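Below, each chain spelled out in residue letters.
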Amino acid sequence: GESVGLHLPTLSVQEGDNSIINCAYSNSASDYFIWYKQESGKGPQFIIDIRSNMDKRQGQRVTVLLNKTVKHLSLQIAATQPGDSAVYFCAESGGGSYIPTFGRGTSLIVHP
Amino acid sequence: SQTIHQWPATLVQPVGSPLSLECTVEGTSNPNLYWYRQAAGRGLQLLFYSVGIGQISSEVPQNLSASRPQDRQFILSSKKLLLSDSGFYLCASEDGLAGAGEQFFGPGTRLTVL
């Protein structure tokens, strides 16, 4: 898609702060959403997911919020640590298509 | 969970040379398989996906091709590489029975075409 050619936006935070990474999705029929974390030189890894019948889901130090009205997804990381530094991607799927659509990604930089 | 193997980890190839990247999957049967390319500091570009042996769908027209000779084997090929083929290639697998769901990614192959 068009977003794959754009440089990633960057979020810089201090260690211990809470981080919020946002994602706008495109398909109002999507019913499954995932956040992935990609460390430098590695493949993306699953962090947390949420289905469209929920608006919030919590994991260990992470929370995903889904606002279907404005087609917005966010990932909140509590007490951010240097090991959280990575690129974070959201992905949407469903609504008749199992092929996921990835967002452009956000680079999170955590300063010690 | 699934384990995705990719090799080689890094590859430097001259322009015009052929390419073959291999991906194998453990821990599942009849997965949906995907090839993505990622340029430095960019997002994921879906290249090919497959829902079964011999079934390949192409998302982006280019000089690359994919094949799935076995259920858990996915191969990305090119007859003649271009400079623009440089990038980080990722193979991903998804539970075919579950449909849209979590994708498991391999460690990637970093390809440099000179």
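Computed from a predicted model, the values in this text were never measured in an experiment. (Residues numbered from 1 in each chain as written. Chains lettered and ligands numbered in written order. Predicted model: local features only at pLDDT ≥ 70, side-chain atom pairs only at ≥ 80, totals over all residues. Heavy atoms only, no water.)

Enquirer: It is not clear to me how the pairing of strand β2 (residues 19-24) of chain A should be interpreted in this structure. Could you clarify?
Expert: Look at any regular strand and the pattern is simple: side chains alternate between the two faces of the sheet. Residue and element names in this part refer to chain A. Residues of β2 alternate between two faces, with Ser-19, Ile-21 and Cys-23 buried on one and Ile-20, Asn-22 and Ala-24 left unburied on the opposite face. Bridge count for β2 against strand β7 (residues 72-77) is six bridges, and the pairing is antiparallel. What sits directly across from Ile-20, in β7, is Gln-76. (Buried < 20%, exposed > 50% of the residue type's maximum accessible area, 1.4 Å probe, protein only. Helix = DSSP H or I, 4+ residues; strand = E, 2+ residues; numbered from the N terminus. Pairing = 2+ DSSP bridges.)

Enquirer: How should the sheet that holds strand β1 (residues 3-7) of chain B be read in this particular structure?
Expert: Whether parallel or antiparallel, the strands of a sheet pair through hydrogen bonds between backbone atoms. Residues and elements named next belong to chain B. One open sheet holds the four strands; their spatial order is β1-β3-β8-β7, and the pairing between them is antiparallel. Edge positions in the sheet fall to β1 and β7 (64-70), since each of these pairs with one other strand and no more. Between one strand and the next, the sheet's axes are offset by a mean angle of 20°, whatever the strand orientation. As judged from the five bridges shared by β7 and strand β8 (residues 73-78), these two strands associate in the antiparallel manner. The residue of β8 that forms the bridge with Ala-66 is Leu-76. (Axes fitted to C-alpha atoms, helices over the stretch in contact; angles between N-to-C directions.)

Enquirer: What is the right way to read the state of the cysteines from this model?
Expert: Taken as a whole, this structure holds two disulfides over all chains when the rule is applied. Note that Cys-23 of chain A is cross-linked by a disulfide to Cys-90 of chain A, the S-S spacing being 1.6 Å. Taken together, the positions of Cys-23 of chain A in strand β2 and Cys-90 of chain A in strand β8 (residues 86-94) put the pair 67 residues apart, joining distant regions of the chain. The residue that forms a disulfide with Cys-23 of chain B is Cys-91 of chain B, at a sulfur-sulfur distance of 1.9 Å. Between Cys-23 of chain B and Cys-91 of chain B, the S-S torsion sits near -70°, and that sign places the bridge as left-handed. On the criterion of sequence distance, the pair formed by Cys-23 of chain B in strand β3 (residues 19-26) and Cys-91 of chain B in strand β9 (residues 87-94) is long-range, its members being 68 residues apart. Look at Cys-91 of chain B and you get buried, because its relative accessible area is 0%. (Disulfide = S-S within 2.5 Å.)

Enquirer: Would you explain the pattern of salt bridges in this entry?
Expert: Any two side chains of opposite charge can pair, so long as their charged atoms come close to each other. Residues and elements named next belong to chain A. Scanning the entire structure with this criterion turns up six salt bridges over all chains. The partner of Arg-57 in a salt bridge is Asp-49, and the shortest N-O contact between them spans 2.2 Å. According to the relative accessible area criterion, Arg-57 is partly exposed, its value standing at 36%. Several salt bridges converge on common partners, so that one network encompasses Lys-37, Glu-39 and Lys-42. (Salt bridge = Lys/Arg side-chain N within 4 Å of Asp/Glu carboxyl O.)

Enquirer: Before we go on, may I ask you to explain the interface of chain A and chain B in this structure?
Expert: One frequently used descriptor of interface size is the decrease in accessible area upon assembly of the parts. Tallying the contact residues gives 24 residues for chain A and 24 residues for chain B. Approximately 1,800 Å² of surface area, both sides summed, lies buried where chain A meets chain B, with 61% of it carried by carbon and sulfur atoms. Our count for the chain A to chain B interface comes out at zero salt bridges. Linking chain A with chain B are three residue pairs in polar contact (both at pLDDT 80 or more), by the criterion used here. Looking at the side of chain A that touches chain B, the elements that each hand over two or more residues are β3 (32-38), β4 (45-51), β8 and β9 (97-102) of chain A. For the side of chain A that touches chain B, the element with the highest residue contribution is β9 of chain A, accounting for five residues. (Contact = heavy atoms within 4.5 Å. Buried area = accessible area lost by both parts, 1.4 Å probe. Polar contact = N/O pair within 3.5 Å; in protein donor to acceptor, adjacent residues only side chain to side chain.)

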